[in-house]
Amino acid sequence: MPDSLQLAKAIDHSVLKPEASRADVLDGARLVREWLIGYYCVQPIWVREAVAALDGGAARVVSVIGFPHGCERTLVKVEAARIAVGEGAAELDMVINLGGLMSGDVGLVTADIAAVVVAAQGTPVKVILETAALDDERKRLACRLCIEAGAAFVKTSTGFHAAGGATTDDVRLLRLEVGSSAGVKASGGIRTLADAQAMIAAGANRVGTSASAAILAAAHGGPPLR
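Presented here is an overview of the structure given in this document. (Residues numbered from 1 in each chain as written. Predicted model: local features only at pLDDT ≥ 70, side-chain atom pairs only at ≥ 80, totals over all residues. Heavy atoms only, no water.)

**Remarks on the overall build of the protein chain**
So, step 1. Counting its secondary structure elements, the protein chain contains 10 helices and 8 strands.
So, step 2. For a compact globule of 226 residues, the expected C-alpha radius of gyration is about 17 Å, and the protein chain comes in at 16 Å, within 12% of that figure.
So, step 3. Principal axes of the C-alpha set define a box for the protein chain whose edges measure 50 × 35 × 30 Å.
So, step 4. Buried residues in the protein chain amount to 50% of all 226 residues.
So, step 5. In the protein chain, the proportion of contacts linking residues at least 24 apart, taken out of those at least 6 apart, comes to 69%. (Helix = DSSP H or I, 4+ residues; strand = E, 2+ residues; numbered from the N terminus. Rg over C-alpha atoms; globule rule 2.2 N^0.38 Å. Buried < 20%, exposed > 50% of the residue type's maximum accessible area, 1.4 Å probe, protein only. Contact = heavy atoms within 4.5 Å.)

What follows is the structure, encoded as structure tokens:
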């Protein structure tokens, strides 16, 4: 298991609720700095402010694209990706075209991801599969399409779907399917140190959570690392 600092560097601290205010985003940035967290994931409207609040520190800002449903037209996702990168996002978490995947429209799903990857201009793209809404066959198919389209990571969940969030079984399946070709991010319902450790043991190399401080306090056994 990683030590507390290694765990902090593997966390995407998330402030993604639609009602999150500017004060909430700034509080999140302060938490990220205090706990030496590696990544800070925010809604597109807050990318510029999150970058400024981190003030050139080691943490990188992540923006979500097509969040939380993935139903936007590809051109909309592409423009959102360009704007986010232009405002300083260092990674993009895009939601897969879930309806296209459920319909078996492989070409549509692949083209959607590939277009965002191109628009990102080298900025890593993580593709959210919403695994709780998929059977295993579709999970495997989605992983293959993500690799084909050039995604850097596959990600379990938005954390906003009624079907649920990340499970260790899904993380194992995703890791087995992508092998070393992509990263695996576990996200959705990860609230405790035991949750985070279980996801990493199952094959995740990134953990998305809004409970970062509680997780790291348990790992560290004390106050913020910084």
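Now that the structure is up, let's keep going.
**Some points on helix α6 (residues 106–120)**
So, step 1. With 15 residues, α6 extends 21 Å between its outermost C-alpha atoms, agreeing within 8% with the 21 Å of an ideal straight helix rising 1.5 Å per residue.
So, step 2. Listed in full, the buried residues belonging to α6 are Val109, Thr110, Asp112, Ile113, Val116, Ala119 and Ala120.
So, step 3. The inward-facing, buried residues of α6 abut α4 (74–86), β4 (91–95), α5 (98–102), β5 (125–128) and α7 (136–149).
So, step 4. Glutamine 121 sits one or two residues past α6 and shows a positive phi near 55 degrees. (Expected span 1.5 Å × (residues − 1).)

**Brief notes about the pattern of salt bridges**
So, step 1. Under the counting rule described, the total for this entry stands at 18 salt bridges.
So, step 2. Arginine 206 serves as the salt-bridge partner of glutamate 91, at 2.9 Å between the closest nitrogen and oxygen. In this pair, glutamate 91 sits in strand β4 while arginine 206 sits in strand β8 (residues 206–209), placing the two residues 115 residues apart along the sequence.
So, step 3. On the basis of relative accessibility, which here comes to 3%, the residue glutamate 91 falls in the buried class.
So, step 4. On the basis of relative accessible area, arginine 206 is assigned to the buried category, the value being 5%. (Salt bridge = Lys/Arg side-chain N within 4 Å of Asp/Glu carboxyl O.)

**Focus on the layout of surface pockets**
So, step 1. In this model, the largest pocket occupies a volume close to 400 Å³.
So, step 2. Lining the largest pocket we find 17 residues, and of these Ser14, Lys17, Phe160, Arg191 and Ser210 sit closest to its centre.
So, step 3. Mapped by element, the contributors of at least two residues to the lining of the largest pocket are β1 (11–15) and β8.
So, step 4. Residues that form the lining of the largest pocket fall into these classes: 5 nonpolar, 9 polar and 3 charged. (1 Å grid on protein atoms, 1.4 Å probe; cavity = no way out; pocket = protein on both sides within 12 Å on 5 of 7 lines; lining within 4 Å. Points joined across faces, edges and corners; volume = space filled by probe spheres on them. Nonpolar A, V, L, I, M, F, W, Y, C, P; charged D, E, K, R; others polar.)

**Looking at the sheet that holds strand β2 (residues 39–42)**
So, step 1. With parallel pairing, 8 strands are arranged side by side around a closed barrel as β1-β2-β3-β4-β5-β6-β7-β8. The average undirected angle you get between the axes of adjacent strands in this sheet is 25 degrees.
So, step 2. Here β5 pairs with strand β6 (residues 153–155) via 3 bridges, running parallel. Across the sheet, lysine 126 pairs through a bridge with phenylalanine 153, a residue of β6.
So, step 3. Together, β4 and β5 form the strand contacts of α6, whose direction differs from that of β4 by roughly 160 degrees. (Pairing = 2+ DSSP bridges. Axes fitted to C-alpha atoms, helices over the stretch in contact; angles between N-to-C directions.)

**Side note on the packing of α7 against helix α8 (residues 168–178)**
So, step 1. Running from N to C, α7 and α8 cross one another at 45 degrees; their axes reach a closest spacing of 9 Å. With respect to their mutual orientation, α7 and α8 come out oblique. Crossing handedness for the pair α7 and α8: right-handed. Across the interface between the two elements, Asp136, Lys139, Arg140, Cys143, Arg144 and Ile147 from α7 touch Asp170, Leu173, Leu174, Glu177 and Val178 from α8.
So, step 2. Along the lines of polarity and charge, the residues of the contact of α7 with α8 split into 5 nonpolar, no polar and 6 charged. (Parallel < 35°, antiparallel > 145°, perpendicular 65-115°, else oblique. Left-handed = near helix turned anticlockwise from the far one by under 90°.)

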